[in-house]
Structures are given as C-alpha cells and as structure tokens.
Amino acid sequence: MDLHIADHPLIAHKLTVLRDRSTDSSRFRTLADELVTLLAYEATRNIRTTSTTVTTPVAEASGTVLASPRPLVVPILRAGLGMLEGMLKILPTAEVGFLGMVRDEETLEVDAYAERLPADLTGRQVFVVDPMLATGGTLAMAIDFLLERGVSEVTAICLVSAPEGVEAISTKYEGIAEVTVHTAALDERLDANGYIVPGLGDAGDRLYGIV
Ligand SMILES: O=P(O)(O)OC[C@H]1O[C@H](OP(=O)(O)OP(=O)(O)O)[C@H](O)[C@@H]1O
Ligand SMILES: O=c1cc[nH]c(=O)[nH]1
Ligand SMILES: [Mg+2]
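About the cut-offs
- Note on numbering: residues in each chain are counted from 1, in written sequence order.
- Key to labels: chains lettered from A, ligands numbered from 1, both in the order written.
- Only residues with pLDDT of at least 70 are given local features in this predicted model, and only at 80 or more are side-chain atom pairs given and counted; all residues enter the totals for whole chains, interfaces and linings.
- Computation of side-chain values covers all heavy atoms of the structure but excludes hydrogens and water.
- We define proximity as follows: a residue is near a molecule or strand when any one of its heavy atoms falls within 4 Å of that partner.
- Counting of polar contacts relies on pairs of N or O atoms within 3.5 Å, with two restrictions inside protein: one atom must be capable of donating a hydrogen and the other of accepting it, and residues adjacent in sequence are counted only when both atoms are side-chain atoms.
- Using a 1.4 Å probe, the Shrake-Rupley method yields the accessible areas, and only the shown protein chains count as cover for residues.
- To qualify as a helix, a DSSP run of H or I must reach at least 4 residues; to qualify as a strand, a run of E must reach at least 2; elements of each kind are numbered from the N terminus.
- Listed donor atoms are N, O and S within 2.8 Å of the metal (Na, K and Ca: 3.2 Å). As water is not included, a site may look incomplete.
- Residue exposure (1.4 Å probe, protein chains only): buried if accessible area is under 20% of the type maximum, exposed if over 50%, otherwise partly exposed.
- Consider the strands pointing away from the viewer: the crossover is right-handed when the path from the first strand over the helix to the second runs clockwise.
- Here, strands pair whenever DSSP counts at least two bridges between them.
- Patch membership requires more than 30% relative accessible area and the absence of a salt bridge. Residues of like charge join within 9 Å; the nonpolar side chains Val, Leu, Ile, Met, Phe, Trp and Tyr join within 5 Å.
- Every case where a carboxyl oxygen of Asp or Glu lies within 4 Å of a side-chain nitrogen of Lys or Arg is listed as a salt bridge.
- UniProt positions are given in the numbering used here, feature names are shortened, and annotations may be inferred rather than shown by experiment.
- It only takes one pair of heavy atoms within 4.5 Å for two residues to be counted as in contact.
- Neither His nor the chain ends contribute to the count of charged residues, in which Lys and Arg are positive and Asp and Glu negative.
- To locate a charge, take atom NZ for lysine, CZ for arginine, CG for aspartate or CD for glutamate.

**Student:** Even after reading the chapter, I still don't get the site of ligand 1, so can you show me in this structure?
**Tutor:** In the vicinity of ligand 1 lie 16 residues, with R103, D130, T135, G136 and T138 positioned nearest. With respect to ligand 1, the side chain of R78 contributes an N or O atom lying 3.0 Å from an oxygen atom. When ligand 1 is considered free in solution it has 500 Å² of accessible area, and contact with the protein chains removes 92% of it. Elements represented by at least two residues in the shell around ligand 1 include exactly strand 6 (98–103), strand 9 (132–133) and helix 4 (137–148). For the shell around ligand 1, the element with the most residues is strand 6, which contributes 3 residues.

The structure is reproduced here in structure tokens:
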C-alpha cells in the first residue's frame, strides 16, 4: 500500500482548527470541504489522461484531458458525504457512487446499509472519501465492494488516519490490489473504544450531529 501524509502548512492549519472541540458543525463542514480539495490535488496526480489538440483563438495547441471512462468518487456515508463536494470541485466530471456503512460502537464490526455503485467497474479509477481511517474495517469493506466489481486500483482520501488502520489495509491488500491512501495526518493510536487519538472525535456527529 502506498501511504501519503500531507505536508503543507495550509492543510496543517485547517486540520488543527478541525480538531478543536470548540469548532462547530458549520465551520467543520467548511474545513472538511477545503481540506479534501487540497488533498485531492495530490491524490489525483496519477489520474488517467489522454492527449488531444485544442483550437485556441490563435492556433492549434496540444493538450491533455481526463481519459474515458471518467473517474468514480465514492463517499462512505455518513461522514464521507462531508468530503464529496470538495472532491467534485476539482473533479466536476466524475461519476459518484455511494456506500453507506456504520461501525457498531461496541464490537467495531462494520455494517453496510446502502450500496449504489455501477455494476461493472472493470478498469475504473476510484477515489473513496471518508474522513476517518481508524481500525480500517470500513475502508476494507468498501475496497472489497469495489474489487468485486472489477476495480484493481483504489485511492482513499482521509483526513485523519490511525497506524492500526493503515497497517490493516496494507496487510490485507498486499499482492491483491493497488491501494493508495492520502491522509492529512497519521495520528498516534486508537483508544480502547476504537477512536483515533488525538483525532477529532466522531466525524459524522461533528459534521451533522452537533451544532
Ligand atoms: O476504520 P474504522 O474503525 O472502520 O472506522 C472508521 C469509520 O468510522 C466512521 O464512520 P461511522 O461508523 O461513525 O459512521 P458515520 O459516518 O455514520 O458516523 C468514519 O467515518 C469511518 O467510516
Ligand atoms: O476517531 C474516530 C474513529 C472512527 N470514526 C470516527 O468518526 N472517529
Ligand atoms: Mg460516526
């Protein structure tokens, strides 16, 4: 697995405000949106393109456009929805698929309650967005859904990741699929309840639950 940890002062600043317990939902949503746009710039560095020519008002120029089929963005509900608009700002032509998943707070087992993906994703470039990579159980289930549909290359964009989740994904897909994770931060560890330390708390609640 390829892990990229962002190293940019604007990302560090926005993430610091995002972590702050006193940041309210409205500001949290704005920051998540801004952060994913910044992370997506680097995460799309290897997006597939094709060469073309374009006629300017002056002359013909050679150019580059996104290849077909267009990329697929998959937010993992609920918290991943807070990263969708930020992704679409820089990938406005992407197709969007949805996965709804929730962790059991006691067992940390993941339940998939919604799935709306194209049936055949053979050869498609896929960007999964979810703010938190904790145990890695949710991202693994999402990757499994995608692999079943023919995907061989998945890029995940997360805001905060735990070493335990990174290790779990790296081990599970070694030699099976090309998985890349872009994260704004790699934190210290998980606590006894499966929360990332220092993390930012429950991303879904902070985006949509608590004002
Ligand atoms: O790596 P894991 O241990 O699987 O945990 C990470 C998952 O937990 C959060 O979702 P949650 O289950 O809280 O659902 P929500 O988005 O509806 O809040 C988060 O958005 C990830 O999807
Ligand atoms: O710290 C964590 C871990 C999982 N999900 C969250 O929202 N936060
Ligand atoms: Mg949650």
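**Student:** Even after reading the chapter, I still don't get the coordination of the magnesium ion (ligand 3), so can you show me in this structure?
**Tutor:** Tetrahedral metal sites with four donors have an ideal angle of 109.5 degrees; octahedral sites with six donors have ideal angles of 90 or 180 degrees. Within the protein, the magnesium ion (ligand 3) binds to D202 (OD) and D202 (OD); these donor distances fall in the range 2.5 to 2.8 Å. With respect to the helices and strands, D202 occurs in the loop between strand 13 (196–197) and helix 6 (203–209).

**Student:** Even after reading the chapter, I still don't get the pairing of strand 4 (residues 72–77), so can you show me in this structure?
**Tutor:** Regular strands have side chains that alternate between both faces of the sheet. With 6 of its 6 residues buried, strand 4 lies for the most part within the structure. Residues L72, V74 and I76 point to one face of strand 4 and V73, P75 and L77 to the other, with burial holding for every one of them. Viewed along the sheet, the connection from strand 4 through helix 3 (residues 84–90) into strand 5 (residues 95–96) turns out right-handed. Where strand 4 meets strand 8 (residues 126–129), 4 bridges bridge the pair, whose relative direction is parallel. Looking at strand 8, one finds that V74 is bridged to V128. Pairing of strand 4 with strand 6, which is carried by 2 bridges, proceeds in the parallel orientation. Paired with I76 across the two strands is L99, which belongs to strand 6.

**Student:** Is there a simple way to explain a nonpolar patch on the surface in this structure?
**Tutor:** A surface patch of nonpolar side chains, about 240 Å² in accessible area, is lined by L81, F98 and Y208. Residue position: Y208 is located in helix 6. On the basis of relative accessible area, Y208 is assigned to the partly exposed category, the value being 36%.

**Student:** It is not clear to me how the UniProt feature "binding site: uracil" (unreviewed entry) in the protein should be interpreted in this structure. Could you clarify?
**Tutor:** The positions UniProt marks with the feature "binding site: uracil" (unreviewed entry) are I196, G201, D202 and A203. When near neighbours in sequence (up to four residues on either side) are disregarded, D202 contacts R78 and Y195. Within the structure, the side chain of D202 is placed 3.0 Å from the backbone nitrogen of G204, a separation counted as a polar contact. Position of A203 among the secondary structure elements: in helix 6. With near-sequence residues (within four places) excluded, A203 lies in contact with F28, A79, P131 and M132.

**Student:** Mind showing me how you'd approach a negative patch on the surface here?
**Tutor:** Negative charge collects at one region of the surface, where D104, E105, E106, E109 and D111 lie side by side. Judged by relative accessible area, which is 74%, E106 ranks as exposed.

**Student:** Quick question: what am I supposed to make of the side chain of T180 here?
**Tutor:** Secondary-structure assignment places T180 in strand 11 (residues 178–186). Not counting residues within four places of it along the chain, the set of residues in contact with T180 comprises D2, H4, V154, T155 and A156.

**Student:** Looking at this model, I keep getting lost on unusual backbone geometry. Mind explaining?
**Tutor:** Comment: phi is negative for the bulk of residues other than glycine, and the bulk of peptide bonds are trans. Each neighbour pair has its own omega, and for S68 with P69 the value is 0°, a cis peptide bond. Following the sequence through the fold, P69 ends up in the loop between strand 3 (60–66) and strand 4. The amide bond that connects L77 to the next residue, R78, takes the cis arrangement and shows omega of 0°. As for its placement among the helices and strands, R78 is situated in the loop between strand 4 and helix 3. Phi at L108 takes a positive value of approximately 65°, unusual for a residue other than glycine.

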